[in-house]
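Examining the three-dimensional arrangement
So you can see what is in the structure, the chains are spelled out below.
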Amino acid sequence: MSAVRSLQSIRPGDQSVWLNSILKGDCVAALNALPDKCVDLIFADPPYNLQLEGELHRPDQSKVDAVNDHWDQFDSFEAYDAFTRAWLLAARRVLKPGGTIWVIGSYHNIFRVGAKMQDLGYWILNDVIWRKTNPMPNFRGRRFQNAHETLIWAAKDQKDKGYTFNYEAMKAANDDVQMRSDWLFPICTGAERLKDDNGEKVHPTQKPEALLARILMASTKPGDIVLDPFFGSGTTGAVAKRLGRNFVGVEREDSYIDAATARIAAVQPLELNELSTLTGKRAEPRVAFVSLIDSGLITPGTTLYDSRKRWSAKVRADGTIATAEMAGSIHKVGATVQGLDACNGWTFWHYERAGGLTAIDELRRIARLSVEQAGG
């Protein structure tokens with residue numbers, strides 16, 4: 001069960017106080033109470049500043065259940081911009097190097113949020129369109145139907161290249177085709193929509209769990225810490241718990257905190273074997289050819305061949321290989337003997353073993369396993 005913490009109880013040096021907890025209070029004050037560089041991912045669903053004036057009715061004059069809560073009301077665009085800058089600045093401080101942030105919004109606010117993000121040094125990686133299968137109609141018939149929301153995915157700064165992106169997992173989940181930046185999900189309805197004792201929505205803008213699951217599976221690893229500074233009904237916390245991630249939420253409304261606490265307590269985490277993320281070569285530890293020599297997997301003087309023994313080269317002690325005409329890396333020599341611009345030396349060169357030829361990539365696989373085991 002998630003704990004609810006007051007801001008006064010937070011001790012930045014004691015992670016157990018705030019991890020997997022809901023911090024009650026203003027988002028900027030809560031973020032300022034957390035330690036530097038403490039979270040791996042931020043998902044933010046800030047107020048959209050919808051600027052609604054009066055009630056909205058359908059053609060039959062029935063009232064539309066629109067967002068008119070006090071937390072979505074700002075005196076001016078300038079006031080909204082100041083609020084946006086304050087929470088984005090506080091969020092950037094707590095984001096780890098290699099961490100990323102997702103912000104969701106509509107046309108009312110997302111362009112202003114994106115500009116502030118760039119002003120503060122965030123580096124935008126993608127804008128993702130959440131296309132709704134069941135959007136609310138435009139009742140007045142004076143505009144196109146608003147059928148999507150926009151998510152901005154950004155790194156902490158331009159130089160931060162070590163962020164998590166589970167490319168292979170996303171591609172495999174998309175029938176082995178690259179995952180696109182337009183996602184199709186229904187809005188939150190049915191049993192997933194939280195209701196109060198009167199059958200009314202607990203939160204007017206509750207996001208579907210499928211959307212948060214896509215975000216967490218794409219850009220986090222099991223055990224990562226996910227921060228949601230506008231926690232609302234707790235979708236981020238519920239999905240994080242189910243997917244084996246940690247969370248910290250910030251919320252100031254008691255009714256939302258109560259609903260989120262009960263919701264998260266009911267979540268059953270998936271088993272560890274169900275949380276494994278498919279990875280590709282880029283996610284594996286880098287192994288240099290010379291490390292095979294250092295570890296004794298191959299010795300200087302060993303002769304390497306291509307798969308058909310048309311070319312051969314000798315392994316040298318410095319991690320290069322040499323033919324009668326030239327010396328260089330396994331890649332450069334492989335390319336040169338074939339008259340090509342490039343070559344993957346790991347799969348091109350082979351060594352003799354038990355009367356046959358085995359690609360040196362097999363030795364790299366063994367070296368990688370040693371690196372991973374040494375890393376715990």
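Everything here concerns the structure above.
Below is a short write-up of the structure. All values derive from a computational prediction rather than experimental measurement.

**As for the overall build of the chain**
- Check the secondary structure of the chain and you find 12 helices and 15 strands.
- Nonlocal contacts in the chain, meaning residues at least 24 apart in sequence, comprise 65% of its contacts between residues at least 6 apart.
- Total accessible area computed for the chain in this model is approximately 19700 Å², and 49% of it derives from carbon and sulfur atoms.

**Looking at the environment of Ala 44**
- Position of Ala 44 relative to the elements: it lies in strand S3 (residues 39-44).
- For the pair formed by Ala 44 and Leu 88, sequence separation is 44 residues and the distance between their alpha carbons is 9.5 Å.
- If sequence neighbours within four positions are ignored, Ala 44 has contacts with Trp 87, Trp 102, Val 103, Ile 104, Pro 229 and Phe 230.

**Some points on the pattern of salt bridges**
- The final tally for this structure, using the stated rule, is 13 salt bridges.
- Between Arg 180 and Asp 182 there is a salt bridge whose closest N-O contact spans 2.8 Å.
- Assessed through its relative accessible area of 58%, Arg 180 is described here as exposed.
- Arg 263 is the salt-bridge partner of Glu 209, the closest N and O atoms lying 3.0 Å from each other. Of this pair, Glu 209 sits in helix H6 (residues 209-219) while Arg 263 sits in helix H8 (residues 254-265), and the two are 54 residues apart along the sequence.

Conventions adopted
Residues numbered from 1 in each chain as written. Predicted model: local features only at pLDDT ≥ 70, side-chain atom pairs only at ≥ 80, totals over all residues. Heavy atoms only, no water. Helix = DSSP H or I, 4+ residues; strand = E, 2+ residues; numbered from the N terminus. Contact = heavy atoms within 4.5 Å. Areas by Shrake-Rupley, 256 points an atom, 1.4 Å probe, with all protein chains shown as cover. Salt bridge = Lys/Arg side-chain N within 4 Å of Asp/Glu carboxyl O. Buried < 20%, exposed > 50% of the residue type's maximum accessible area, 1.4 Å probe, protein only.

Read these as layout, nothing more, since geometry by itself doesn't imply function.
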